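Spelled out, the chains give:
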Protein chains: 2
Amino acid sequence: MTARKPRIGQSRATLSDVAAHVGVSAITISRALNKPDLVSEALRQRIDEAVRLLGYVPNRAARALASTKSNSIVVLVPSLSNAVFVDTLAAVHDKLYPAGYQMLIGDTRYSPEQEEKLLRTYLEYNPDGILLTGFDQTPAAQQLLAASNIPTVHMMELDEGGRPCVGFSQFDSGYALTSLLLAKGYRRIAFLAAQLDPRTLRRGDGYRAALQQAGLYDASRELTEPNPSSVGMGGGLLARLLAQAPDCDAVFCNNDDLAVGVLFEAQRRGIRVPQDLAIAGFNNLDMSAWSNPAITTVATPRYATGSEAADMLLALMAGRQPASLKVDLGFELLARDST
Amino acid sequence: MTARKPRIGQSRATLSDVAAHVGVSAITISRALNKPDLVSEALRQRIDEAVRLLGYVPNRAARALASTKSNSIVVLVPSLSNAVFVDTLAAVHDKLYPAGYQMLIGDTRYSPEQEEKLLRTYLEYNPDGILLTGFDQTPAAQQLLAASNIPTVHMMELDEGGRPCVGFSQFDSGYALTSLLLAKGYRRIAFLAAQLDPRTLRRGDGYRAALQQAGLYDASRELTEPNPSSVGMGGGLLARLLAQAPDCDAVFCNNDDLAVGVLFEAQRRGIRVPQDLAIAGFNNLDMSAWSNPAITTVATPRYATGSEAADMLLALMAGRQPASLKVDLGFELLARDST
DNA sequence: GAAATTCAGGTTAGCGCTAACATTGGGTGC
DNA sequence: GCACCCAATGTTAGCGCTAACCTGAATTTC
């Protein structure tokens, strides 16, 4: 048993304080807390009592330093104001929290540079695992990741190169929704997108491919806007579109909030939906199911993505080989009254 | 100069690795990194180069342990899927990040018990400061906070008891919006609320007070629902309301998404807004400005709350006395076409 | 009943960093 | 030219915890 150190003031109780109080050595307290079955029942109870009495709270930094395990996971998402990522985060949390891991959440604001900066910062925490969104890391960030040797899983997109990933094909989803519109007889289909992140662009690629294949592609019907998408912006984009290509018979909006904005603006202009103009959105956000008419959209596996990605990461961290390093969760077309 | 420790494998470079490489002592590297002006220009450059060469990343746990400062701030919000808190978080981040602090974000899911649990967990990180939402902590959580002696600021509500806080009066905002409806001539005003957190309830108190004062309160027009609010739920609540109190001439929705849902449902039922039914929302979310008609709402100071709260916390952490311990940021009524 | 095993706890050392004090070797003042 | 000071770097110790090994007593094995 180590001598009790004199403690000045009322700084927090430490392991040795508890140990001194109970009359055992510090390591025993540590064991009672972390590997309870290595300590006898009776002693464990006395320890629990002392812990409560002294208000002992373990010091995570000390634990991390001594054990070289931080029990924290870095999760980097492009935005916290987008329901897509929030839902994914919730799923990740639901898996990781019971496993004893803390999430360090970083918001990259859709910028690879910001992502690199966050990565640099969070690497100081010595995370046990990393969850990233997409594959568009800067070269420096990729180097950091490689050098750190920390298990990493990418979410929301699929990789052909063998990097661990969970998501769905953005290209296919854009292609499929456009094909649905073509099948319904629409011929002059516009594409409206805000927040030009890589996933948006790949959905646009799918849109373009479908139309080109049908011989119906017209670049003037493609309208984009770098700022984050919102209902208000949907209205603005429709106004721009009608000025530039007034003959469109359908719009593919890259996100449901844009679609709702387009619907509102169409109503203001007396454009009937879907008779004069069909509207399709993306992501199946809550509101698109309830508008009048309800908006056709693509349901994306947000919660499942977070859940599966966390599972894969847990496997990698435990040194287990996950069943698959590439999990394609697919997507679902929801044809509703707006098309 | 301390001897270089033999390093096996390729575990991360440490301060002493850098020191050995440059040929100085570890503390000098530490100084070059943290207090650069204590180290000569020439040496600093050599150190920077070595840091880059070895890919040195400081170990946060070790730094926290040695300095007894974690440079991290715990921020607990009730939900990440509510734009209100996300905006607030963004503001907090914008202030804290430049000051060198990391945020540890916790999502309490509107539960004081969960909040207590998170607090317990995050206290292990030895945060330098804490930001909480509201004042409804469990007694145990309050005890934890008091014992920890960590500067804490409460957001979104105001306290009479002198605890540091930044927000606005939820009661007053509910009272003011109801008064606006009364002033416009509405007499049978309903109140629809989901997610019955304390702030919702206090807004409801304001609503009730205004109506009671006017002698127009009728409990059957108050309808609540414990689950999180959404557009879909707004429609459901309107349906319930019409069954129970079909003569309402206005609805005060506790959040804009409910209001939009009510509007959609009214449209489906052929109820004219505002002629047959006026609709008011809360929080000034993006969509409420663009619907047809645009929805009357209350603009709440979300970003400012985060910003001011972070400022206050920074002052408290630095041992400075903030200008005021109670910052009332007010709110703004936005009368639009739906009333 | 002696050796082998298990159980419950202890000792020692060190994770990587920084606070606090110590040391050096020029200036500076007069 | 001597005391003094300051700037730049070093030494020592320790933050709070746990990994790895060690010890002694109780229990089991045949």
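Reading the values: rules and limits
Residues numbered from 1 in each chain as written. Chains lettered and ligands numbered in written order. Predicted model: local features only at pLDDT ≥ 70, side-chain atom pairs only at ≥ 80, totals over all residues. Heavy atoms only, no water. Buried < 20%, exposed > 50% of the residue type's maximum accessible area, 1.4 Å probe, protein only. Helix = DSSP H or I, 4+ residues; strand = E, 2+ residues; numbered from the N terminus. Arc of directions from axis to C-beta. Contact = heavy atoms within 4.5 Å. Polar contact = N/O pair within 3.5 Å; in protein donor to acceptor, adjacent residues only side chain to side chain. Phe/Tyr/Trp six-rings, centres within 6.5 Å; stacked < 30°, edge-to-face > 60°. Lys NZ or Arg CZ within 6 Å of the ring centre and 35° of its normal. Least-squares fit on C-alpha atoms with pLDDT ≥ 70 in both. Axes fitted to C-alpha atoms, helices over the stretch in contact; angles between N-to-C directions. Parallel < 35°, antiparallel > 145°, perpendicular 65-115°, else oblique. Left-handed = near helix turned anticlockwise from the far one by under 90°. Nonpolar A, V, L, I, M, F, W, Y, C, P; charged D, E, K, R; others polar. Pairing = 2+ DSSP bridges. Right-handed = clockwise from strand over helix to strand, strands pointing away. Buried area = accessible area lost by both parts, 1.4 Å probe. Salt bridge = Lys/Arg side-chain N within 4 Å of Asp/Glu carboxyl O. Domains from an automatic or database assignment.

Enquirer: How should I be thinking about helix α4 (residues 60-67) of chain B in this particular structure?
Expert: In an α-helix, one full turn covers 3.6 residues, which means residues spaced three or four apart are oriented alike. Taken residue by residue, α4 of chain B has Arg60, Ala61 and Ala64 of chain B as its buried positions. Along the long axis of α4 of chain B, the arc covered by the buried residues comes to 100°, so they all point the same way. Buried positions along α4 of chain B lie against α4 (60-67) and α6 (112-123) of chain A together with β2 (102-107) of chain B. One side-chain oxygen at the N-terminal end of α4 of chain B lies 2.8 Å from the backbone nitrogen of Ala61 of chain B; it belongs to Asn59 of chain B. Downstream of α4 of chain B by one or two residues, Thr68 of chain B has phi in the positive range, about 55°.

Enquirer: It is not clear to me how the side chain of Gln137 of chain A should be interpreted in this structure. Could you clarify?
Expert: Residues and elements named next belong to chain A. For Gln137, the position within the fold is in the loop between β3 (129-133) and α7 (139-148). Assessed through its relative accessible area of 7%, Gln137 is described here as buried. Separated by 3.4 Å, the side chain of Gln137 and the backbone oxygen of Gly134 make a polar contact. Contacts of Gln137, omitting those with residues within four sequence positions, involve Glu115, Leu132, Gln142, Leu145 and His154.

Enquirer: Is there a simple way to think about the packing of aromatic side chains in this case?
Expert: How two aromatic rings sit relative to each other is set out by the distance from centre to centre and by the angle between their planes. Residue and element names in this part refer to chain A. Throughout the structure, instances matching the rule amount to 19 aromatic pairs over all chains. Where Phe85 meets Tyr110, the ring centres are 6.4 Å apart and the plane angle is 70°; that geometry is what we call edge-to-face. Placement of Phe85 in helix α5 (residues 83-96) and of Tyr110 in the loop between β2 (102-107) and α6 is noted, with a sequence separation of 25 residues between them. Clustering of aromatic rings is evident, with ring pairs tying together Phe191, Tyr207, Tyr217, Phe252 and Phe282. When the ring centre of Phe282 is taken as reference, the NZ or CZ atom of Arg203 above it lies at 3.9 Å.

Enquirer: What is the right way to look at the relation of the copies chain A and chain B in this model?
Expert: There are two copies of the chain, and a rotation about an axis plus a shift along that axis relates them. Mapping chain A onto chain B calls for a screw motion: a turn of 180° about the axis and a shift of 0.1 Å along it, with 0.1 Å RMSD after fitting. As the rotation angle and translation indicate, the two copies are arranged about a two-fold axis. Of every C-alpha in chain A, the one belonging to Ala61 of chain A sits nearest the axis of rotation, 2.2 Å from it. Take the interface residues of chain A: 100% of them recur as interface residues in chain B, which is what a same-surface contact looks like.

Enquirer: Please explain the packing of helix α1 (residues 15-22) of chain B against helix α3 (residues 41-54) of chain B as it appears in this structure.
Expert: Residue and element names in this part refer to chain B. Axis separation between α1 and α3 bottoms out at 9 Å; the angle between their running directions is 125°. It follows from the interaxial angle that α1 and α3 lie oblique. The two elements α1 and α3 cross, and the hand of that crossing is right-handed. Note on element contacts: α3 touches α1 through Leu43, Arg46, Ile47, Ala50, Val51, Leu53 and Leu54, opposite Asp17, Val18, His21 and Val22. Of the residues assigned to the contact of α1 with α3, the class counts are 8 nonpolar, 1 polar and 2 charged.

Enquirer: Is there a simple way to explain the pairing of strand β4 (residues 152-155) of chain B in this structure?
Expert: Consecutive side chains of a regular strand alternate in pointing toward one face of the sheet and then the other. Residues and elements named next belong to chain B. Burial along β4 is two-sided: Thr152 and His154 facing one way and Val153 and Met155 facing the other are all buried. Note that strand β3 (residues 129-133) and β4 share 4 bridges and pair parallel. The residue bridging Ile130 from the neighbouring strand is Thr152, located in β4. Of the crossover connections in this fold, the one passing from β3 over helix α7 (residues 139-148) to the parallel β4 is right-handed. Direction of pairing for β4 relative to strand β5 (residues 165-167): parallel, over a ladder of 2 bridges. Note on β5: the bridge partner recorded for Met155 is Val166.

Enquirer: It is not clear to me how the environment of Asp286 of chain A should be interpreted in this structure. Could you clarify?
Expert: Within the secondary structure, Asp286 of chain A sits in the loop between β9 (278-280) and β10 (297-299). Using a relative accessible area of 33% as the deciding quantity, one classes Asp286 of chain A as partly exposed. Along the chain, Asp286 of chain A and Asp257 of chain A lie 29 residues apart, while their C-alpha atoms are 9.8 Å from each other. Excluding residues within four positions of it along the chain, Asp286 of chain A makes contact with Ser230, Val231 and Gly232 of chain B. A polar contact of 3.4 Å, which involves the side chain of Asp286 of chain A, links it to the side chain of Trp290 of chain A.

Enquirer: I tried to follow the interface of chain A and chain B on my own but got confused; where do I start?
Expert: How big an interface is tends to be stated in terms of accessible area lost as the parts join. Contacts between the two partners involve 43 residues from chain A and, on the opposite side, 43 residues from chain B. Here chain A meets chain B over a buried area of about 4200 Å², counting both sides, of which 55% is carbon and sulfur. Linking chain A to chain B there are 4 salt bridges. A salt bridge links Asp94 of chain A to Arg109 of chain B; the nearest nitrogen and oxygen atoms lie 3.1 Å apart.

Enquirer: Explanation requested: the domain arrangement of chain A in the structure shown.
Expert: Residues and elements named next belong to chain A. Annotation of chain A at the domain level lists domain 1 (15-58), domain 2 (70-168 + 303-331) and domain 3 (171-299). Put simply, the middle of domain 2 and the middle of domain 3, counted by C-alpha atoms, are 30 Å apart. Counting residues at the interface gives 11 residues for domain 2, matched by 13 residues for domain 3. Area buried by domain 2 at its contact with domain 3 is led by Tyr110, Glu157 and Phe331, which between them contribute 54% of it. At the surface where domain 2 touches domain 3, the tally comes to 3 salt bridges. Among the salt bridges present, the one from Glu157 reaches Arg202, with a minimum N-O distance of 2.5 Å. On the surface where domain 2 and domain 3 come into contact, there are 3 residue pairs in polar contact (both at pLDDT 80 or more). Here the residues of the side of domain 2 that touches domain 3 are counted per class, giving 7 nonpolar, 2 polar and 2 charged.

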